Amino acid sequence: MSARNLPIFLCLFIVAISSCNQQTAETPAPTLNAVIPLPLDVVASSDVFTFDTNAAIVTSGGAEATRIATMFADMIQPATGFKLIVSESADTSKAGTISLALTGNEGTLGAEGYELNITKDKIFLIAAKPAGLFYGIQTIRQLLPHSIESSKKQNNSWTIATGKIVDKPEYGVRGSMLDVARHFFSLEDVKRYIDFLAFYKMNTFHWHLSDDQGWRIEIKSWPKLTSTGGSTQVGGGKGGFYTQEQYKELIKYASDRFITVIPEIDMPGHTNAALASYPELNCNDSATKLYSGTEVGFSSLCTNKDITYKFIDDVIRELAELTPGAYLHIGGDESHATKKEDYIPFVNKVQAIVKKHNKLVIGWDEIALSTLTPNSVAQYWADSANSVNAVKQGAKIMMSPAAKAYLDMQYDSTSKLGLHWAAYIEVDQAYNWNPETLVKGISKENIYGIEAPLWSETVTNMNDIEWLVFPRLPGYAEIGWTPSGKRNWDEYKTRLANHGARLTAMDIDFYKSKRVEWKGE
Ligand code: TNX
């Protein structure tokens, strides 16, 4: 935003509590003050566009523009009752037109940026690439009244503040991880998780698919991984797993929302579910018992047996065939039951296997103890020395510092869910950090992306997920999207306060932090 426009913008921010705007009492207040992540450049004007049944969406630039427009029309239908017509046309002359155009030319917007121009009687959204249109749609959605999120028809006037937004992300990779191994979550739950990421313009979903307590992805060449290894979870419940067909369904669902899936098979530690399924993966040839506790660091694949690498080759081959994204996550964390002299050659061999199957490696920061292959990414979670070592080897870093970015950390000592081994993370602490300056030796150009992981030792259902994820996830999305110089907790907390009613309309059970003055609709 230019300095020239700052006063108007601030005016809109505080519109709810002041009379500095030119709205009349009947005109609903513009809702620019609730958009998360904060767009890069906003020039507000003091009018409103009103959606009504005459609104029609025209698209130009091809099938993807039309698909995205249709997603938008479908999304707003339940609350508005409008069945907006989507047509491929360059004619934007009619009042009420919402135009989505793909230019193909990245220019300054890049592959994920968009330009949104809202006037009194039309909306123009342009982007170079489909992802940009999709993010522009998320902004329009957040500019509409909160009740747009309702699944039931609302009697509302569907207005949007006029103005111009030019927006693009600071980081190219913005994501979250869901641990489906400690507790299993249905495909439907995982899709809802994907919806959350998409809503905040996040583009990466890290799927933690195996751990001591459960193996969750069907591997056809090693069927007992799921029939045995998938049969329990923390607390001893029945667990579960995804068939390869379901996995592909999720990949498609994510990719329709511009989200790349990074699947993780954690090894050589965190492997009890595999060790319980196949005796030959153990050094003593005897299967372990299934495990439903929450200890870490006690299991290891047998690193000096050939069968172990045959197993890994099969798993990586099947997973690589199912996964369009460039990266496969090999875990590598907390391998306390693997000797260091075994761990290093193990990780080197696994990197070679991943490469053989035409994928790139990402692993937790410990993998930097080995010799990282070109384009490997180390995920900083705990050990800054490992991460700096990765940088020195030329690797990039996925930033997930446990004490700042772990969604399973309790908010404070009274939190009903979560752990606190790394920190208590209140909503302001989750927001108030800068990936570029957090660790000496890791700077902007070394960063691959930002990721907030949710481990599920204490999380058993979707309500639990929502309570830990919200309201911290929007803050992580903003860290990834908005340049650090434009981020400020005092301003953000006002937007978040306004945003709370939207979460409620989305039927999200969120933590009502006392550090935010939540507003009603
Ligand atoms: C550490 S983070 C782990 C996980 C646990 C998590 C709980 C990481 C790479 N390893 O196995 O679930 O702590 O917060």
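Keep in mind it's a predicted model, so treat the numbers as computed, not measured. (Residues numbered from 1 in each chain as written. Predicted model: local features only at pLDDT ≥ 70, side-chain atom pairs only at ≥ 80, totals over all residues. Heavy atoms only, no water.)

*Asks:* Help me get a handle on empty space enclosed by the protein, residues and values and all.
*Replies:* Within the structure shown, the criterion is met by two cavities of 30 Å³ or more. In this structure, the second largest cavity spans a volume of roughly 30 Å³. Surrounding the second largest cavity, Trp215, Ile265, Asp266, Met267, Thr271, Leu301, Phe311, Ile312 and Val315 form its lining. Only strand S12 (260–267) and helix H8 (306–322) provide two or more residues apiece to the lining of the second largest cavity. When the residues that make up the lining of the second largest cavity are grouped by side-chain class, the tally is seven nonpolar, one polar and one charged. (1 Å grid on protein atoms, 1.4 Å probe; cavity = no way out; pocket = protein on both sides within 12 Å on 5 of 7 lines; lining within 4 Å. Points joined across faces, edges and corners; volume = space filled by probe spheres on them. Helix = DSSP H or I, 4+ residues; strand = E, 2+ residues; numbered from the N terminus. Nonpolar A, V, L, I, M, F, W, Y, C, P; charged D, E, K, R; others polar.)

*Asks:* Describe the sheet that holds strand S4 (residues 97–102), and please don't skip the residues or the numbers.
*Replies:* Taken in spatial order, the seven strands make up an open sheet running S1-S7-S5-S6-S4-S2-S3, and their pairing is mixed. Edge positions in the sheet fall to strand S1 (41–51) and strand S3 (85–88), since each of these pairs with one other strand and no more. If you compare each strand with its neighbour and ignore which way they point, the axes differ by 20° on average. In this fold helix H2 (residues 63–80) packs onto S1, strand S2 (56–60), S3, S4 and strand S7 (158–167), with an angle of close to 165° to the strand it touches most, S2. Against the sheet, helix H3 (residues 130–143) makes contact with S1, S4, strand S5 (114–118), strand S6 (123–127) and S7, and its axis sits at roughly 40° relative to S5, the strand it touches most. (Pairing = 2+ DSSP bridges. Axes fitted to C-alpha atoms, helices over the stretch in contact; angles between N-to-C directions. Contact = heavy atoms within 4.5 Å.)

*Asks:* Describe in detail the pairing of S12, supporting the description with residues and values.
*Replies:* Burial analysis of S12 places seven of its eight residues in the buried class, which makes it a mostly covered element. Bridge analysis of strand S9 (residues 204–208) against S12 gives five bridges, and the strand direction is parallel. By the bridge assignment, His208 is partnered in S12 with Glu264. Relative to strand S13 (residues 327–331), S12 is paired through two bridges, and the arrangement is parallel. Bridge pairing in S13 links Met267 to Gly331. (Buried < 20%, exposed > 50% of the residue type's maximum accessible area, 1.4 Å probe, protein only.)

*Asks:* How would you summarise the sheet that holds S13 if you had to cite specific residues and measurements?
*Replies:* On the basis of which strands lie adjacent, the closed barrel formed by eight strands has the order S8-S9-S12-S13-S14-S15-S16-S17 and parallel pairing. Averaged over neighbouring strand pairs, the angle between their axes works out to 30° when direction is ignored. The pairing of strand S8 (residues 174–179) with S9 spans five bridges and is classified as parallel. Across the sheet, Met177 pairs through a bridge with His206, a residue of S9. Across the sheet, H8 lies against S12 and S13, angled at about 170° from S12, the strand it touches most.

*Asks:* Run through the site of the ligand, naming residues and quoting values.
*Replies:* Not every one of the 13 residues close to the ligand is listed here, only the nearest: Arg182, Tyr406, Asp408, Trp421 and Glu457. Side-chain polar atom of Arg182 to an oxygen atom of the ligand: 2.7 Å apart, as the coordinates give it. Within the contact set of the ligand, a nitrogen atom lies 2.8 Å away from a side-chain nitrogen or oxygen of Asp333. Within the complex, 98% of the 370 Å² of free accessible area of the ligand lies under protein. (Near = heavy atom within 4 Å. Polar contact = N/O pair within 3.5 Å; in protein donor to acceptor, adjacent residues only side chain to side chain. Areas by Shrake-Rupley, 256 points an atom, 1.4 Å probe, with all protein chains shown as cover.)

*Asks:* Explain the state of the cysteines residue by residue, including any values.
*Replies:* Summed over the entire model, instances satisfying the criterion amount to one disulfide. Linked covalently through their sulfurs, Cys283 and Cys302 form a disulfide whose S-S length is 2.0 Å. On the sign convention where negative is left-handed, the bridge of Cys283 and Cys302, at about 100° about the S-S bond, is right-handed. With Cys283 in the loop between helix H7 (272–277) and H8 and Cys302 in the loop between H7 and H8, this pair connects stretches of sequence that are 19 residues apart. (Disulfide = S-S within 2.5 Å.)

*Asks:* Can you break down the domain arrangement of the protein chain residue by residue, with the values?
*Replies:* In terms of domains, the protein chain is made up of domain 1 (26–167) and domain 2 (174–505). A C-alpha centroid distance of 33 Å is found between domain 1 and domain 2. In this complex, domain 1 contributes 28 residues to the contact, which on the side of domain 2 involves 27 residues. When the two sides are added together, the surface that domain 1 and domain 2 hide from each other amounts to roughly 2,500 Å², 60% of it contributed by carbon and sulfur. (Domains from an automatic or database assignment. Buried area = accessible area lost by both parts, 1.4 Å probe.)

*Asks:* Requested: an account of the environment of Lys416, with residues and values cited.
*Replies:* Relative to the helices and strands, Lys416 resides in the loop between helix H11 (402–405) and helix H12 (427–431). Along the chain, Lys416 and Pro483 lie 67 residues apart, while their C-alpha atoms are 33 Å from each other.

*Asks:* Outline the nonpolar core, supporting the account with residue identities and numerical values.
*Replies:* Phe51, Phe205 and Trp207 are the most contacted members of the largest nonpolar core, which totals 150 residues. With near-sequence residues (within four places) excluded, Trp207 lies in contact with Leu178, Val180, Leu187, Val190, Tyr242, Tyr247, Leu250, Val261, Ile262, Pro263 and Glu264. Ranked by size, the runner-up nonpolar core spans six residues in total, among them Ile262, Tyr327, Val377 and Met398. (Core = buried A, V, L, I, M, F, W, Y, C linked by side-chain atoms within 4.5 Å.)

*Asks:* So what about the side chain of His208? Which residues, and what values?
*Replies:* Within the secondary structure, His208 is located in strand S9. A residue is classified by how much of its surface remains accessible, and His208, at 0% relative accessible area, is buried. For His208, the side chain forms a polar contact with the side chain of Glu264, separated by 2.8 Å. Ignoring any residue separated from it by four or fewer positions in sequence, one finds His208 in contact with Met177, Leu178, Asp179, Val180, Ala181, Glu264, Asp266 and Trp455.

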